[in-house]
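Given next are the chains, with one letter for each unit.
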Amino acid sequence: MHDDRALVEARLKRVLDERIRPAVYPESVPLDVAVWHAPGEPVSVAEGLAAVPGPIAAGDAWGAPWGTSWFTVTGTVPSAWRGRIVEAVLDLGFDENMPGFQCEGLVHLPDGSPVKGLNPRNQWVRVAAPARGGESVRLHVEAASNPVILGHPLFRPTALGDRDTAGTAPLYRLGRMDLAVFDRTVWDLVLDLEVLGELMAELPVDGARRWDVLRAVGRALDRIDLQDVNATAAAARAELAGVLAVPAAPSAHRISAVGHAHIDSAWLWPLRETVRKVARTAANMTALLADEPGFVFAMSQAQQWAWIKEHRPQVWAQVVKAVAEGRFVPAGGMWVESDTNMPGSEAMARQFVHGKRFFIDEFGIDNEEAWLPDTFGFAAGLPQIIKAAGARRLLTQKISWSRVNRFPHHTFLWEGIDGTRIFTHFPPVDTYNCSMKGGELAHAARNFREKGAARHSLAPTGWGDGGGGTTREMVGKAARLRDLEGSPTVTWETPAAFFARAEADYPNPPVWVGELYLELHRATLTSQAGTKQGNRLCEALLREAELWAATAAVRAGAPYPYEQLDRVWKTVLLHQFHDILPGSSIAWVHREARDTYARLARELEGIVLAAQRALAGDAPAGGRLVFNAAPHARRGVPAGGAAPAEPAPAVTVRPRDGGGYVLDDGLVRAEIDGRGLIVSAYDHRARRESLPPGDAAALLQLHQDLPNRWDAWDVDEFYRNTVTDLTSVDDLTADGRAVRVTRSFGSSSVIQTYTLAAGRIEVRTEVDWHETEKLLKMAFPLDVRADRYAAETQYGHVQRPTHTNTSWEAARFEACNHRFVHVEEPGWGAAVVTASTYGHDVTRAVRDDGGTTTTVRVSLLRAPRFPDPETDQGAHAFVHALVPGAAIGDAVREGYFLTLPERELPGDVPVAPLVTIGDEAVVITAVKLADDGSGDVVVRFHESRGGRAATTLRAGFPVGTVTATDLLERPLRELPHEVPHEDGTVALTLRPFELVTLRLTRR
C-alpha cells in the first residue's frame, strides 16, 4: 500500500479548519449591542448595570488600556430554533492564541448574577437547551481591556505596563456578537477528529495502530458532505467509533488530570485586575462543573479565594456549593504561590499558617500538599516548613524550565537541610497549562523518568497565567482519552487522590538532597530592588511588632493588635507572590508595592513604638533604654529585652600613608585607599589579613546585562565577559567615625560610606541609578581557601560549592542568600552580611603565590526594560558588612544585628525578655501571642549552625503548660505534645537546623 499519510493528514487539517469547526454554529443572528465605558477604575456590578449604555457595533473600536466597559447584548431566539441548543457567541476582539493575556469579560444576568467568564478560548454562553423559540436574551458583560504586554515580538519595552503611561487609544475591535445554534454532534466530531489526529501524530509509523486510525479518519472524511456538514456529522462519527473504542494497553502511563487555572496574583496586570480574573475563572469553573459530572477543578492561593469572598459574593456562593460537593478543591496550603527563595523564615512559615487556616476555617479542609507549579526554584529549608505546617507533599513543574541539566526524577523524596523528606512530584507533561493535546500527553509518557518503577503522573489542565481554566473541549477530549489505545489513560482526580495513588505506586522513591535550584530566572533575586527592600524591612518590622506587642501584653497589660498584625502579615505575604517579590511584574505592580511597603512600615513602626513606650513607662529625664529585637545579646542588652547599653568600642580614623584613611576599633583595622576601596581588613584577634594581596573589597563592578530572553527574570552567564571596575573618585573624605567616597559613572552616581561596628566593616552604598541594561555588583575578595560556602536560607543555611567541577555547579552562577554568605577554612572564616539584597555569586581562583582567593559578590541593581522599562531607575541605599574572623555562628548573629537595629527610648527600668535560650546556636525567630486570642505565648526557634544543641528555654513569666505545636499552633500529632518543664524552664535537645514551636500558657 502506498504511504498516503501526508495526504490524509493535510486533508484532515483543512477540512477541520474550513468546514467542520465553522459548522459547530450553523445558524446565527446578530445581537444588539450597547456599551458604557467606566471612567477610571472598575466599578461595582450594581453601578455597571445601572449605567446608561451607548451604541456600538461589531467592528467598532473599544477599550482604552486598563479600562472597563460594560456591554449590554439583547436579542430574541428565533422561533425556528425551537428544540435546539442556543448559545450567545461573544467575541470581544479576542486573539485565540493568547488566553489570559488580553481582554476578558464576566457575563451577568440582568439581576447581577454572574454566569461565566469570557476569554479567547471560551466565548460562548448557553442561552437555551432546548430552546422554546421566542425567548428574550439580555446579558451584561463586564469587559476588561487589558493590554497585551507579552506581545510579538516578545520582551520589547512597552509603556502599557502602567495606567499612567499607557495612553487612551482603544486596543480592541468588537468581534462577533451573535445568537447561534450549537450543533453538539458536529462539536463531538471536532473532538473525535482532534483526538485521533493528535494521537496519530504520536504513534510509530511502523505500528498498525497508526494506520488503523489513519484509515478510520479517511473514511470519516469521506462521509462528510462538505456542503452539508451538519447532516453528515453523525455518519462521520460512526466511522470513528471503532478506533475510539479500542482500550489502552495495560502498561499505558496513567495521568491524573486536575482542572486548573494557574492565576498569577500579579504579573502583566495589577493586583486589582487579578481580583477580577479570579472571579471570571471561578464562575467559568463552577459552570463547567455543573455541566460535566466527572470533572474536578483545583484552585490554590487562599488570597484568591478570599478575594472572591470579599468582592464577588455571588461567585463565592457558587464556589462554596461546589467545594461541598468535593469537586472544586482548595489546593496547596499557602496564602499565595510565593517565591520560596527570598521570603524569610517566619514569612515562609506564615504563608502556610494563613493559607491553611483559611481553608480550614472556611471549609474544614486541611491540605497535605504544597502546590507551587510556577515558582522559580525551591529553598533547601522548605521541606521542614511544609512538614511543620502539617503537610507532607509538594507539586511543582517549573524545574523543567532548567536550561543546562535535566532533573533526574519526576517523583521523589525531597530532603531539606534538617533531614525532613517530602514526597514530591514534577508533572512530566512539563506544563501547568495542559490542554489535553495528544502531543502533551505523549510527551508526559515519554518524558516520565520513573518508567519501570512507577506509572502515575499528574497533568494540571486548563488555561492559566492569566486565568481562564479548563474548557469544555478539554473535558471532552479527556473523556475520549480515558482508555484509548496508544495514549496514556486520563482520569479526573483531586490532587490528594493523585498523591495517594502515586505514593502507593512508588513506595521507595529516590531522594534528592538540598535546594531545588532553577537553572533560569536567576536575576529575579535582584530585579526591582525597592520591592525587595520593602519586603525585608516589613519582615523585620513584623518580627519586632509581634515581639514587643507580646512583651507589652504580658509585662504591662497592653492590648495585643491581633487583627492589625493579621492584616499586615497577609499583605506582606501577598507581595511575596512569585512575580512581585522577584521583580518580574509590570511597572504598575511595583509602584503599588513600594507604596504599600512604605504604608505598612509606618503602621508597624507605630505598633513597635506604642509597645515600647508601654514597656519603658514614665522615665525620669536622662535615662535611656536600648531595645534589642535580635536573637542575640549585644552591648549588654539581652535578646528580646531592653536595658541601658554598654558603649560601643571606640573607633579611630586617621589618614593612611599613600592616601585614604584607616579605621580601627581594636577588633578590626580597615584601610581605605585613595580610590575609596578597602585594601586591608586586618583581624586583630586572629592576627590575620582578610584580603588577598593586591585585591580590594567593596569594589563596585558594572556589567553589560542583556539576557537572550526574559529580561527582568534572567541574567545569562555571558554577562561576566564584560566588566568595568568603578575606581574613579569624585571626592574622598573622613567625617567623624566614617569615611565617605563619591563616584560617578555613566549617567549615575554613588556614595559609599565606611564605618566600623564592633568588629564588622559596614558599607553603606547610595546609588542614583540611571543605567540601562546593566548589572551592578559589589565584590569582596577574601584570602580563604574554601571549596564550599554557606548561604542563609529559611531556618538555617545551605552549603554550595565554590568550584565548577560539574555542569550542575557551573549552572549555579547566581544564587540566593538571606542575611549572610559565609566562607571559611579550618580555623578562620569571614562573612558578608546584607540588610536587603539576595542575589550573589561566589568564585575562586588560585594566585601565583599559591594562595586561594574566594570572592563573594553581592548583586545590587539591574536595569532591564521588560516588563517595566524603568526598572530600578532612581535612588537606592544598601547596607552590607564584611565580618573578618567570623565563624558560622558569628555570621548568623551579625546578619540579625544588621537587619534588626537597636532602638533607644527614654527609660531606666530594664525590660526582661519573655523567653531566653541558653545556647546562642539556637535562634528565636518569633515571640508572639497565640493567634486564637487565648493570650498564650508562642515561641518559635531553630538550631542555626548545623550542629546539635542541648540547652534550656526559660520563660520570664509564670507558665502553666508547655505544648509542642505545628506552625498553626496546634498540638503535634506525631509526638507527645506536652513538654515537661520546671517553673517555665524547658530542657531542649535539637538536631541540626531543627525547627521547634512551643506554646506556653500563662498562669
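Our subject is the structure that appears above.
Right, let's walk through the structure included here.

Reading the values: rules and limits
- Residues numbered from 1 in each chain as written.
- Predicted model: local features only at pLDDT ≥ 70, side-chain atom pairs only at ≥ 80, totals over all residues.
- Heavy atoms only, no water.
- Helix = DSSP H or I, 4+ residues; strand = E, 2+ residues; numbered from the N terminus.
- Rg over C-alpha atoms; globule rule 2.2 N^0.38 Å.
- Buried < 20%, exposed > 50% of the residue type's maximum accessible area, 1.4 Å probe, protein only.
- Contact = heavy atoms within 4.5 Å.
- Salt bridge = Lys/Arg side-chain N within 4 Å of Asp/Glu carboxyl O.
- 1 Å grid on protein atoms, 1.4 Å probe; cavity = no way out; pocket = protein on both sides within 12 Å on 5 of 7 lines; lining within 4 Å.
- Points joined across faces, edges and corners; volume = space filled by probe spheres on them.
- Nonpolar A, V, L, I, M, F, W, Y, C, P; charged D, E, K, R; others polar.
- Phe/Tyr/Trp six-rings, centres within 6.5 Å; stacked < 30°, edge-to-face > 60°.
- Pairing = 2+ DSSP bridges.
- Axes fitted to C-alpha atoms, helices over the stretch in contact; angles between N-to-C directions.
- Parallel < 35°, antiparallel > 145°, perpendicular 65-115°, else oblique.
- Arc of directions from axis to C-beta.
- Expected span 1.5 Å × (residues − 1).
- Polar contact = N/O pair within 3.5 Å; in protein donor to acceptor, adjacent residues only side chain to side chain.
- Left-handed = near helix turned anticlockwise from the far one by under 90°.

Here's the deal with the overall build of the chain
Helix and strand counts for the chain come out as 18 helices and 52 strands. Taken over the C-alpha trace, the chain has a radius of gyration of 31 Å; the compact-globule value for 1003 residues is 30 Å, and the two agree within 12%. Once the C-alpha set of the chain is aligned to its principal axes, its extents read approximately 95 × 65 × 60 Å. When burial is assessed residue by residue, the chain has 62% of its 1003 residues classed as buried. When contacts within the chain are restricted to residue pairs at least 6 apart in sequence, those whose partners lie at least 24 apart make up 75%.

Quick look at the environment of Gly-326
Within the secondary structure, Gly-326 sits in the loop between helix H8 (313-324) and strand E15 (328-330). Spatially, the C-alpha atom of Gly-326 lies 8.2 Å from that of Val-296, the residues being 30 residues apart in sequence.

A look at the pattern of salt bridges
Tallied over the entire structure, the rule returns 85 salt bridges. Between Arg-21 and Asp-17 there is a salt bridge, and its shortest N-O distance comes to 2.4 Å. Since its relative accessible area comes to 33%, Arg-21 is described here as partly exposed. On the basis of relative accessibility, which here comes to 38%, the residue Asp-17 falls in the partly exposed class. Across the pair Arg-350 and Glu-546 runs a salt bridge, and its minimum N-O distance is 2.8 Å. Of this pair, Arg-350 sits in helix H9 (residues 345-363) while Glu-546 sits in helix H14 (residues 529-556), placing them 196 residues apart in sequence. Glu-546 matches Arg-350 in its accessibility class, with the two residues each being buried. Overlapping salt bridges, with partners in common, bring together Glu-41, Glu-104, Glu-142, Arg-163, Arg-272, Glu-273, Arg-276, Lys-277, Arg-280 and Arg-312 in one network.

Brief notes about the layout of surface pockets
Over the atoms a probe the size of a water molecule is rolled, and this reveals where empty space is left. Estimated volume of the largest pocket: approximately 930 Å³. In terms of lining residues, the largest pocket is bounded by 28 residues, among which Arg-21, Glu-96, Arg-121, Glu-194 and Glu-473 are the most central. Of all the secondary structure elements, the ones that give two or more residues to the lining of the largest pocket are helix H3 (184-202) and helix H12 (472-480). Looking at which element gives the most residues to the lining of the largest pocket, the answer is H3, with five residues. Looking at the lining of the largest pocket residue by residue, the classes come out as twelve nonpolar, five polar and eleven charged.

As for empty space enclosed by the protein
All told, the structure shown has eleven cavities of 30 Å³ or more when counted by the stated rule. Along its surface, the largest cavity is lined by 20 residues, and Gly-344, Ser-345, Glu-346, Glu-539 and Arg-819 are the ones closest to its centre. When contributions to the lining of the largest cavity are tallied by element, the ones reaching two or more residues are H9, H14 and helix H18 (888-899). The leading source of residues in the lining of the largest cavity is H14, at six residues. When its residues are assigned to classes, the lining of the largest cavity shows eight nonpolar, five polar and seven charged. Empty space within the second largest cavity amounts to approximately 120 Å³. Along the wall of the second largest cavity there are 15 residues; nearest its centre are Asn-341, Phe-376, Tyr-517, Leu-518 and Leu-525. Here the lining of the second largest cavity is composed, by residue class, of eight nonpolar, three polar and four charged.

Looking at the packing of aromatic side chains
One pass over the full model with this rule turns up 34 aromatic pairs. Measuring from ring centre to ring centre gives 5.1 Å for Phe-297 and Phe-328, while their planes differ by 65°; the resulting arrangement is edge-to-face. Of this pair, Phe-297 sits in strand E14 (residues 297-299) while Phe-328 sits in strand E15; the two residues are 31 residues apart in sequence, bridging distant segments of the chain. With a relative accessible area of 0%, Phe-297 lands in the buried category. Members of the aromatic cluster, connected to one another through ring pairs, are Phe-101, Phe-155, Trp-267, Trp-269, Trp-401, Trp-710, Trp-713 and Phe-866.

Here we look at the sheet that holds strand E39 (residues 815-816)
Sheet strands pair via backbone hydrogen bonds, and the direction of the pair is either parallel or antiparallel. If you walk across this open sheet you meet the six strands as E31-E30-E36-E43-E42-E39, and the pairing is antiparallel. Lying at the two open borders of the sheet, with one neighbouring strand each, are strand E31 (723-726) and E39. Alignment of strand E30 (residues 699-704) against E31, held across four bridges, turns out to be antiparallel. Bridge pairing links Leu-702 to Thr-724 in E31.

Thoughts on the pairing of strand E34 (residues 748-757)
It is a general feature of regular strands that their side chains alternate between the two faces of the sheet. In terms of residue burial, E34 counts as a mostly covered element, since seven of its ten residues are buried. Here strand E33 (residues 738-745) pairs with E34 via seven bridges, running antiparallel. Within the sheet, the bridge partner assigned to Val-739 lies in E34 and is Tyr-754. Counting the residues that bridge the hairpin from E33 to E34 gives two residues, and of these Gly-746 lies at a positive phi of roughly 50°. Across nine bridges, E34 lies against strand E35 (residues 760-769) in antiparallel orientation. Paired with Thr-755 across the two strands is Glu-762, which belongs to E35. Remark: two residues form the turn of the hairpin made by E34 and E35, two consecutive strands paired antiparallel; Ala-758 in that turn has positive phi of roughly 55°.

With respect to the packing of H8 against H9
Relative to each other, H8 and H9 sit at 85°, their axes nearing to 11 Å. Taken together, the axes of H8 and H9 are roughly perpendicular relative to one another. Between H8, through Trp-316, Val-320 and Val-323, and H9, the contact on the second element is made entirely by Phe-358, Glu-362 and Phe-363. Considering only residue class, the contact of H8 with H9 consists of five nonpolar, no polar and one charged.

Focus: helix H13 (residues 495-505)
Here H13 has its buried residues at Pro-495, Phe-498, Phe-499, Ala-502 and Glu-503. The buried side chains of H13 occupy one side of the element, clustering within an arc of 130° when seen end-on.

Digging into H3
For H3, with 19 residues, the first-to-last C-alpha span of 27 Å sits near the 27 Å given by 1.5 Å per residue. A large share of H3 lies buried, amounting to 14 of its 19 residues. Its side-chain oxygen 3.0 Å from the backbone nitrogen of Thr-185, Asp-183 forms the N-cap of H3.

Structural notes on the sheet that holds strand E6 (residues 85-90)
Here we have four strands laid out as an open sheet, ordered E1-E12-E6-E9, and antiparallel in their pairing. The outermost strands of the open sheet, each flanked by one partner alone, are strand E1 (28-30) and strand E9 (124-128). Averaged over all pairs of adjacent strands, the angle between strand axes in this sheet comes to 25°, irrespective of strand direction. The pairing of E1 with strand E12 (residues 177-182) spans three bridges and is antiparallel. Pairing of Val-29 across the sheet is with Leu-179, part of E12.

Regarding the packing of helix H15 (residues 562-574) against helix H16 (residues 587-616)
Running from N to C, H15 and H16 point in directions that differ by 150°, and their axes come no closer than 11 Å. On the basis of the axis angle, H15 is roughly antiparallel to H16. H16 is crossed by H15, and the crossing has left-handed handedness. Together, Gln-564, Leu-565, Arg-567, Val-568, Thr-571 and Val-572 of H15 and Thr-596, Leu-600, Glu-603, Leu-604 and Ile-607 of H16 make up the contact between the two elements. Partitioned by chemical class, the residues of the contact of H15 with H16 number six nonpolar, three polar and two charged.

With respect to the environment of Ala-479
Here Ala-479 shows up in helix H12. On the accessibility criterion, Ala-479 (56% relative accessible area) is exposed. Placed 164 residues apart in sequence, Ala-479 and Val-315 show a C-alpha to C-alpha distance of 27 Å.

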